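Below are the chains, spelled out letter by letter.
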Amino acid sequence: MKQLIGRKLGMTQIFATDGTQYAVSVIEVLPNIVSQIKTSEKDGYKAYVVGYDNKRESRANKCEKGIAKKSNTPLAKFYREVSGKDLDSLNLNVGAKLDASLFKTGDIVDVIGTSKGKGYTGTIKRYHHTIGPKGHGSGYHRQVGSFANNGRCNNRVLPGKKMSGHRGFEQVTVLNLLVVESNAEKGYILVKGAIPGTKQSLVKIRSAIRTQLGKPQQVKNLVDLSSKKEAPKAAEVKAEAPKVEAKPEVKKEAPKAAPKKEEVKKEAK
């Protein structure tokens, strides 16, 4: 299993050459710099601590400065653990960098993030409980419900009771998403579908754990927008406009004047 830290930038849509549309989430993947290696002998498990995004020294605390000094790596805003057998096969050392090339186009991945917080809500909206009778005589509309514990531990509310409280802002994992494009040079990964979290929030990308659905898929050829030529400027269009040859002027004969009355009388004589 491979793992990588990224940042959600938002959603957009891209098109294939045959007109197929992909609704994708854009994940920014800056280099994940390995700052610490945890071993089973010392820590009891294997993992890599990676730093994501640079941070100014004036904004760092003593712990972060100590991690950077010990590993001889630049200060990072976020430190997260990643693990997996595929990472062990890479023989990573302190200071090594992981980028978007870890995942290829067509791979199936899982994305882990923190969902959006929706504030304080009641049980009907939070847990989809059934609303009470809406008549004016009813004394129960949107309340929590019974707190009875069937005669056991009636001196307290048992843990796990579904009550009103903060909705959202919890870890969510979306399984089996298709990697539509992976670009290590520009540092981004396009994943088909929606992923949890707000914009600029950190997410973890890992290989799909459901192997029966995690087989690579074929992605159609995408439209290369970078190869399109820029629109010509107005001055260039005027310069390249074809010249129209002027047609020869045709002289029109002036109409003859009508004969005067005296001339008409003379001809009559």
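Residues numbered from 1 in each chain as written. Predicted model: local features only at pLDDT ≥ 70, side-chain atom pairs only at ≥ 80, totals over all residues. Heavy atoms only, no water.

Trainee: Even after reading the chapter, I still don't get the sheet that holds strand β4 (residues 47-54), so can you show me in this structure?
Mentor: Whenever strands of a sheet pair, they do so through backbone hydrogen bonds, lying parallel or antiparallel. Spatially, the four strands line up as an open sheet ordered β5-β4-β3-β6, and their pairing is antiparallel. Two strands in the sheet have a free side with no partner beyond their single neighbour: β5 (76-82) and β6 (97-98). Strand direction decides the pairing type here: strand β3 (residues 32-38) and β4, joined by five bridges, are antiparallel. Residue pairing across strands places Gln36 opposite Val49, the latter belonging to β4. Each of β3 and β5 is contacted by helix α1 (residues 62-71), which is oriented at about 70 degrees to β5, the strand it contacts most. (Pairing = 2+ DSSP bridges. Helix = DSSP H or I, 4+ residues; strand = E, 2+ residues; numbered from the N terminus. Contact = heavy atoms within 4.5 Å. Axes fitted to C-alpha atoms, helices over the stretch in contact; angles between N-to-C directions.)

Trainee: Quick question: what am I supposed to make of the nonpolar core here?
Mentor: One recurring pattern in soluble globular proteins: nonpolar side chains tend to sit buried together. Judged by nonpolar contacts, the single largest core of 25 residues is most densely connected at Leu4, Ile27, Val29, Phe103, Val109, Ile189 and Ile205. For this core, the secondary structure elements donating two or more residues are β1 (3-15), β4, β7 (108-114), β10 (171-183), β11 (188-192) and β12 (202-207). If sequence neighbours within four positions are ignored, Leu4 has contacts with Val29, Asn32, Val82, Leu98, Asp99, Ala100, Leu102, Phe103, Ile189, Val203, Lys204 and Ile205. Residues Ile14, Ala16, Val24 and Leu178 belong to the second largest nonpolar core, which totals 12 residues. (Core = buried A, V, L, I, M, F, W, Y, C linked by side-chain atoms within 4.5 Å. Buried < 20%, exposed > 50% of the residue type's maximum accessible area, 1.4 Å probe, protein only.)

Trainee: What is the right way to look at the sheet that holds β11 in this model?
Mentor: Strand order in this closed barrel of six strands is β1-β2-β11-β10-β7-β12, and the pairing throughout is antiparallel. For this sheet the average axis-to-axis angle between neighbouring strands, irrespective of direction, equals 50 degrees. Relative to β11, β10 runs antiparallel, the two being bridged by four bridges. Residue Glu181 lies in a different strand from β11, and its bridge partner there is Leu190.

Trainee: Where do I start with α1 in this structure?
Mentor: Along an α-helix, residues three or four apart share an orientation, since each turn contains 3.6 residues. Residues of α1 that are buried: Glu64, Ala68 and Ser71. Projection of α1 onto a plane perpendicular to its axis shows the buried side chains occupying an angular sector of 80 degrees, all on one side. Counted as exposed and oriented over 90 degrees from the buried face of α1: Lys62, Cys63, Lys69 and Lys70. Summarising the contacts, the buried residues of α1 are in contact with β3 and β5. For α1, the N-terminal capping position is held by Asn61, with its side-chain oxygen 3.3 Å away from the main-chain nitrogen of Cys63. Trailing α1 by a residue or two, Asn72 shows a phi angle of about 60 degrees, which is positive. (Arc of directions from axis to C-beta. Polar contact = N/O pair within 3.5 Å; in protein donor to acceptor, adjacent residues only side chain to side chain.)

Trainee: I would appreciate a short explanation of a positive patch on the surface in the present structure.
Mentor: A surface patch of like charges, here positive, comprises Lys116, Lys118, Lys125 and Lys199. For Lys116, a relative accessible area of 47% translates into the label partly exposed. (Patch = residues over 30% accessible without salt bridge, like charges linked within 9 Å, V, L, I, M, F, W, Y side chains within 5 Å. Areas by Shrake-Rupley, 256 points an atom, 1.4 Å probe, with all protein chains shown as cover. Salt bridge = Lys/Arg side-chain N within 4 Å of Asp/Glu carboxyl O. Lys, Arg positive; Asp, Glu negative; His and termini not counted. Charge placed at Lys NZ, Arg CZ, Asp CG, Glu CD.)

Trainee: Just checking my understanding: could you explain the environment of Ala208 for this structure?
Mentor: Note on placement: Ala208 falls in the loop between β12 and α4 (234-240). Along the primary structure Ala208 and Asp110 are separated by 98 residues, whereas in three dimensions their C-alpha atoms are 5.2 Å apart.

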